[in-house]
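In case you want the letters, here they are:
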Amino acid sequence: MPGIIEINHLSHIYAEGSPYEVEALKDITLSLERGEFLGLFGPNGSGKSTLIQHLNGLIRPQQGSVIVCGKDASNSRLSRDLWKKAGLVFQYPEHQIFQISVYDEVAYGPRNLKLPESAVNERVNEALQQVGLTQENITQLPPAALSGGMRRRVAVAGMLAIQPEILILDEPMAGMDSVGRNMILDIIKKRQERHETTVMVSHSLKEIMTLTDKIAILDSGSLAFSGKVKDLLGKPEILAHYHFELPEYLQIVYEIAAKGFDIKTDISSIREAGEEISKLQKIRKDADYLLPGQYNSW
Amino acid sequence: MTGMKLGQYVYGDSLIHRLDPRTKIICCILAVISVMASVNLYYLLCLLLLMVTAIVSARLNPKFIFKAIYQIKTLLLITLLFQAFLTPGKAVLTIGTITMTREGLALGSINILRLIILFMGSLILLMTTTPMKLSIGIECILRPLEKINIPVHNFATILSISFRFLPTLFEEASIIRNAQKSRGSQFDSPELMVKIKSYAAIVIPLFEASLSRAGDLGEAMDSRCYTSHPNQLRMNSLKMKGQDVLALVSVSVIVLAVIPVSILMK
Ligand SMILES: Nc1ncnc2c1ncn2[C@@H]1O[C@H](COP(=O)(O)OP(=O)(O)O)[C@@H](O)[C@H]1O
Ligand SMILES: [Mg+2]
């Protein structure tokens, strides 16, 4: 079965032939299954935003192909409606708020879907619930009266209310306090539990690794890595390149493995590491009993 | 939206780039005057040739200029149609009660040519002059007005700040536009009301951002003790050279030629 997102040999050049030409994407091939969670990492200017704008039809592929929910994004008629399928929350979405009340702001998307007002109402309430804006009367407040973090929640709710099949978040944590971050984490975790397809862009590798199982790394427009987080952990040269420090438990496990001990290295939590190490200790004790002195180097 | 960025400075090191900004501004003003004063086709073609020469010698990418002109196609088309239908003369085509005339078409084409020349002139000025030089140039030219208590310096500061933020503004506008499109704004809707309403979704956040930035900038200027005195060092950095005199003289000659040409043609 084809994935919900299929990107094949996609390249993109901004302002081609002008003095400002930028090769933003180079031969990207990537796919995502329905229900998966993709973390998209890359330094600033690596092309992350360009890539995700291909997914909801804002940018049509110049070279290569993009297929989202079975729809070809290079078809202008299909790509125009792609925003309903793939909901893209821009970076700093609170800067794009323009309605007079929180309610109208969140209702903007559903109204553009031409839903009846009763359905709009239902979706707005549900979306506000999801982002934790449950205070009474908040719907009638002007967004300008809210704090930056609250405004971001409103903006995210505005996209959730469209109920897209894929939710794409462009650096949703940028400039947020810990309450705001937890709110975003909450939304992401709930989507993971319900197996709803999500793409999250971040320029923090650590942030992404703690959240996802699937990760793609962009570097100056090229795909530097794509696969499972566990596979990435086994590639210290990539990690070192991005100055990523492994968690201490993983450093220990890798060190043990490097010494030639048979220990599982694809683990993802400190508890698992503890279990593996005590397993090894148990083996050592048994071995010590049978063959004294053999494991003394450890 | 990104098309509006086309007027930006392009780094280069040609004669045109090196000319004093005052020279370029005055040449542009002279070109505007002569374009306005003449309806003679041959004379306008001469001016066009002058612009093309300037573009070639400044080594600007011609494809870029064509693209920029293509951006104002609607304006050009409207000009042509209005002239064609509203000028009395020999009928070429009749639609209902309005007729397109041959005289109108001729006049329309000439007006298009005029607009293109003006547009090219301003493009050359903007693409070969840094915003900083441009605003110093304007300040120097307007300096005499200080004698009658017009705060030229403040005006120039406002101008240079706007030059600085214009690209930022367009970039922001295009981001907001894309963000609203992602929520289903219909900027290309055939219904006018829908279209106008969706543009409000760009203009309001854009205004908000600009106002807050203006506030921040003002504070930053205050905290660095900004006072509105002309920057003498900067102004004195401008020096008219031989090439400037040459450019001014030759452009003046071409512009003054408009008088004998229009007398002869009458
Ligand atoms: N609209 C645009 N016009 C021209 N260049 C652009 C535009 N948007 C992005 N770029 C350039 O493309 C490259 C990738 O940008 P972007 O996709 O925004 O990266 P990221 O989101 O990873 O920071 C950058 O070098 C940027 O300057
Ligand atoms: Mg980005």
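Keep in mind the model is a prediction, meaning the values are calculated, not measured. (Residues numbered from 1 in each chain as written. Chains lettered and ligands numbered in written order. Predicted model: local features only at pLDDT ≥ 70, side-chain atom pairs only at ≥ 80, totals over all residues. Heavy atoms only, no water.)

Attention now goes to the site of ligand 1. Residues and elements named next belong to chain A. Near ligand 1 the following residues occur: Tyr14, Val22, Ala24, Pro43, Asn44, Gly45, Ser46, Gly47, Lys48, Ser49 and Thr50. Residue serine 46 places a main-chain N or O atom 3.2 Å away from an oxygen atom belonging to ligand 1. Contact with the protein chains removes 65% of the 560 Å² of surface that ligand 1 exposes when unbound. With 3 residues, the top contributor of residues to the shell around ligand 1 is helix H1 (residues 48–55). (Near = heavy atom within 4 Å. Polar contact = N/O pair within 3.5 Å; in protein donor to acceptor, adjacent residues only side chain to side chain. Areas by Shrake-Rupley, 256 points an atom, 1.4 Å probe, with all protein chains shown as cover. Helix = DSSP H or I, 4+ residues; strand = E, 2+ residues; numbered from the N terminus.)

All names here are of chain A. Within the open sheet, the 6 strands sit side by side as E6-E7-E8-E3-E9-E10. Their pairing is mixed. Where the open sheet ends on each side, the last strands, each with one partner, are strand E6 (86–89) and strand E10 (222–228). Neighbour-to-neighbour, the strand axes of this sheet turn through a mean angle of 15°, independent of strand direction. In this sheet, E10 lies alongside strand E9 (residues 214–219) in antiparallel orientation, the contact comprising 6 bridges. Along E10, the bridge assignment pairs leucine 218 with leucine 223. Sheet strands in contact with helix H5 (residues 148–160) are E6 and strand E7 (166–170), and its direction is about 170° off that of E6. (Pairing = 2+ DSSP bridges. Axes fitted to C-alpha atoms, helices over the stretch in contact; angles between N-to-C directions. Contact = heavy atoms within 4.5 Å.)

On to the domain arrangement of chain B, then. It is common to give the size of an interface as the accessible area that goes away when the parts come together. Taken domain by domain, chain B holds domain 1 (1–130 + 239–266) and domain 2 (152–227). Between the C-alpha centres of domain 1 of chain B and domain 2 of chain B there is a distance of 29 Å. (Domains from an automatic or database assignment.)

The next point concerns the environment of Phe225(A). Residues and elements named next belong to chain A. The topology assignment puts phenylalanine 225 in strand E10. Among the residues examined, phenylalanine 225 registers a relative accessible area of 7% and is labelled buried. Spatially, the C-alpha atoms of phenylalanine 225 and proline 61 are 21 Å apart, while their sequence positions differ by 164 residues. With residues near it in sequence (within four places) discarded, phenylalanine 225 still touches Ile215, Ala216, Ile217, Asp231, Leu232, Lys235 and Ile238. (Buried < 20%, exposed > 50% of the residue type's maximum accessible area, 1.4 Å probe, protein only.)

Time to look at the sheet that holds strand E4 (residues 63–68) of chain A. Residue and element names in this part refer to chain A. Across the sheet, 4 strands lie side by side as E2-E1-E4-E5; this open sheet has antiparallel pairing. Edge positions in the sheet fall to strand E2 (22–32) and strand E5 (71–72), since each has one partner strand and no second. Bridging between strand E1 (residues 5–14) and E4 involves 5 bridges; their strand directions are antiparallel. Residue pairing in the sheet places isoleucine 5 in a bridge with valine 68 of E4.

All names here are of chain B. Together, Val92, Leu93, Ile95 and Ile98 line one region of the surface with nonpolar side chains, adding up to about 350 Å² of accessible area. Assignment of secondary structure puts isoleucine 95 in strand E1 (residues 91–95). The partly exposed category is assigned to isoleucine 95, whose relative accessible area is 48%. (Patch = residues over 30% accessible without salt bridge, like charges linked within 9 Å, V, L, I, M, F, W, Y side chains within 5 Å. Salt bridge = Lys/Arg side-chain N within 4 Å of Asp/Glu carboxyl O.)

All names here are of chain A. Evaluated as defined, the whole model comprises 19 salt bridges over all chains. One salt bridge in this structure joins lysine 84 and aspartate 81, with 3.6 Å as the shortest N-O distance. With relative accessibility at 39%, the residue aspartate 81 sits in the partly exposed group. In this structure, arginine 181 engages glutamate 207 in a salt bridge whose closest nitrogen and oxygen atoms are separated by 3.1 Å. Taken together, the residues arginine 181 in helix H6 (residues 178–193) and glutamate 207 in helix H7 (residues 205–211) connect sequence positions 26 residues apart.

Here we take up the packing of helix H2 (residues 21–37) of chain B against helix H7 (residues 131–142) of chain B. All names here are of chain B. With their axes 8 Å apart at the nearest point, H2 and H7 run at an angle of 70° to one another. For the element pair H2 / H7, the angle class is roughly perpendicular. On H7, the residues touching Pro21, Arg22, Ile25 and Ile26 of H2 are Lys133, Leu134, Gly137, Ile138, Cys140 and Ile141. When grouped by side-chain class, the residues that make up the contact of H2 with H7 number 7 nonpolar, 1 polar and 2 charged. (Parallel < 35°, antiparallel > 145°, perpendicular 65-115°, else oblique. Nonpolar A, V, L, I, M, F, W, Y, C, P; charged D, E, K, R; others polar.)

What follows deals with the interface of chain A and chain B. Chain A puts 24 residues into the contact, and the matching count from chain B is 24 residues. Between chain A and chain B, the buried area comes to about 1900 Å², and carbon and sulfur atoms account for 53% of it. The interface formed by chain A and chain B contains 2 salt bridges. Ionic pairing is found between Glu105(A) and Arg183(B), a salt bridge with its closest N-O pair at 2.8 Å. (Buried area = accessible area lost by both parts, 1.4 Å probe.)

Let us look at the environment of Ser189(B). All names here are of chain B. Structurally, serine 189 can be placed in the loop between helix H8 (152–181) and helix H9 (192–223). By relative accessible area, serine 189 is classed as buried at 9%. In this structure serine 189 touches Val194 and Lys195, once residues within four positions along its chain are discounted.

Residues and elements named next belong to chain A. Positive phi values are uncommon outside glycine, yet alanine 15 reaches one of about 50°. Topologically, alanine 15 is positioned in the loop between E1 and E2. For alanine 15, a relative accessible area of 38% translates into the label partly exposed. With phi around 65°, lysine 114 is a residue other than glycine that occupies positive phi space. Note on lysine 114: relative accessible area 60%, which makes it exposed.

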